[in-house]
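# Commentary on secondary and tertiary structure
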Amino acid sequence: MTEREKRELTKRSALLVRQNYERLLTEYETLAGSRDMVTAWGRAGGRSNKIPHPTQDRAMASMAFEERVKRMKGWFECIRGTYRRLAAREGKNPNLWRHQQLLARALQLYVFERADSELIVLMLSGGRRLSRQYVGRVLREALDEVRKDAERAGLFDQPDDAAQTER
């Protein structure tokens, strides 16, 4: 896979996560661990129930996501991890931290808050007015950081049915 194809796949995946963010966040946090699964499903059934472990059965059925949703969740985790890495201050000099804060804010506005280009320009401007071209470069750099993290996570090694169906 070439670098251009990786960039395009990253952009398409970010758009998919952007469109399905609330649903992904709800499903991810509900099914994060076994304690949350039992809390979400509660104690179901009783002695007359034919299923020996109904809570576990329902939790396991809810975890059986199709491959496309699993890949989207992988991209969701990658984007969220990149955002947290860029927003963290530890071990960064002030100039790098300020730049990465700008990247993290652009990523947050684009993916998590679904802002359009005008709102991103307005929100990133702060005290001074930024140009659209500059904000576009910042957003491309933020998506490039996501691409690098996705390479490390091995998201490009998986077959890409989700991006093919969305064309």
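Just above, that's the structure.
None of the values given here were measured: they were computed from a predicted structure.

What counts, and at which threshold
- Residues numbered from 1 in each chain as written.
- Predicted model: local features only at pLDDT ≥ 70, side-chain atom pairs only at ≥ 80, totals over all residues.
- Heavy atoms only, no water.
- Helix = DSSP H or I, 4+ residues; strand = E, 2+ residues; numbered from the N terminus.
- Buried < 20%, exposed > 50% of the residue type's maximum accessible area, 1.4 Å probe, protein only.
- Contact = heavy atoms within 4.5 Å.
- Expected span 1.5 Å × (residues − 1).
- Salt bridge = Lys/Arg side-chain N within 4 Å of Asp/Glu carboxyl O.
- 1 Å grid on protein atoms, 1.4 Å probe; cavity = no way out; pocket = protein on both sides within 12 Å on 5 of 7 lines; lining within 4 Å.
- Points joined across faces, edges and corners; volume = space filled by probe spheres on them.
- Nonpolar A, V, L, I, M, F, W, Y, C, P; charged D, E, K, R; others polar.
- Core = buried A, V, L, I, M, F, W, Y, C linked by side-chain atoms within 4.5 Å.
- Phe/Tyr/Trp six-rings, centres within 6.5 Å; stacked < 30°, edge-to-face > 60°.
- Lys NZ or Arg CZ within 6 Å of the ring centre and 35° of its normal.

What follows deals with the environment of Leu24. Take Leu24: it is sitting in helix H2 (residues 21-30). Given a relative accessible area of 0%, Leu24 falls into the buried group. Taking C-alpha positions, Leu24 is 8.4 Å from Met72, a pair spaced 48 residues apart along the chain. Once you skip the residues sitting within four places of it in the chain, Leu24 turns out to touch Val17, Met72, Lys73 and Phe76.

With 19 residues, helix H6 (residues 94-112) extends 25 Å between its outermost C-alpha atoms, agreeing within 8% with the 27 Å of an ideal straight helix rising 1.5 Å per residue. Those residues of H6 not exposed but buried are Gln100, Leu102, Leu103, Ala104, Ala106, Leu107, Gln108, Leu109, Tyr110, Val111 and Phe112. Among the residues trailing H6, Arg114 stands out with phi positive, at a value near 55°.

For the rest of this paragraph, the subject is the pattern of salt bridges. This structure, assessed with the given rule, holds 12 salt bridges. Here Arg85 and Glu145 are joined by a salt bridge, their closest N and O atoms 2.8 Å apart. Here Glu145 lies in helix H8 (residues 132-153) and Arg85 lies in helix H5 (residues 67-87), a separation of 60 residues in the sequence. The exposure class assigned to Glu145 is buried, which follows from its relative accessible area of 14%. Two residues, Asp149 and Arg152, come together in a salt bridge whose shortest N-O distance is 2.4 Å. With Asp149 and Arg152 both in helix H8, this residue pair falls 3 residues apart, about one helical turn.

Quick look at the layout of surface pockets now. The rolling of a water-molecule-sized probe over the atoms marks out the regions of remaining empty space. Considered as a void within the structure, the largest pocket measures approximately 320 Å³ in volume. Lining the largest pocket, in full, are Arg4, Arg7, Glu8, Thr10, Lys11, Tyr110, Gly136, Leu139, Arg140, Leu143 and Asp144. In terms of residue class, the lining of the largest pocket is built from 3 nonpolar, 2 polar and 6 charged.

Moving on: the nonpolar core. In terms of nonpolar packing, the biggest core is built from 34 residues, with Val17, Trp75, Ile79, Leu107, Val111, Ile120 and Leu124 touching the most fellow members. Elements that contribute at least two residues to this core include exactly helix H1 (3-19), H2, H5, H6, helix H7 (117-125) and H8. Not counting the four nearest positions on each side in its chain, Leu107 is found in contact with Ile79, Thr82, Tyr83, Phe112, Ala142, Leu143 and Val146.

A few words now on the packing of aromatic side chains. Scanning the entire structure with this criterion turns up 2 aromatic pairs. Look at Trp75 and Phe156: their rings are 5.6 Å apart centre to centre, the planes differ by 70°, and that puts the pair in the edge-to-face class. Taken as a pair, Trp75 in helix H5 and Phe156 in the loop between H8 and helix H9 (161-165) lie far apart in primary sequence, 81 residues in all. Across this residue pair, the class does not change: Trp75 and Phe156 are buried. When the ring of Tyr83 is compared with that of Phe112, the centres are 5.9 Å apart and the planes differ by 85°; the resulting orientation is edge-to-face. Separated by 29 residues along the polypeptide, Tyr83 in helix H5 and Phe112 in helix H6 bring together distant segments of the chain. The ring of Tyr110 is capped by Arg18, whose NZ or CZ atom sits 4.7 Å from the centre of that ring. Geometry around Trp97 places Arg89 over its ring, the cationic atom sitting 4.0 Å from the centre.

We now examine the environment of Val121. Relative to the elements of secondary structure, Val121 occurs in helix H7. Relative accessible area serves as the criterion here: at 2%, Val121 is assigned to the buried category. Measuring from C-alpha to C-alpha, the distance between Val121 and Gly136 comes to 9.0 Å, with 15 residues separating the pair along the chain. In this view, Val121 contacts Arg129, Leu130, Arg132 and Val135; residues no more than four positions away in its chain are not counted.

Remember that the coordinates give geometry; whether it matters functionally is a separate question.
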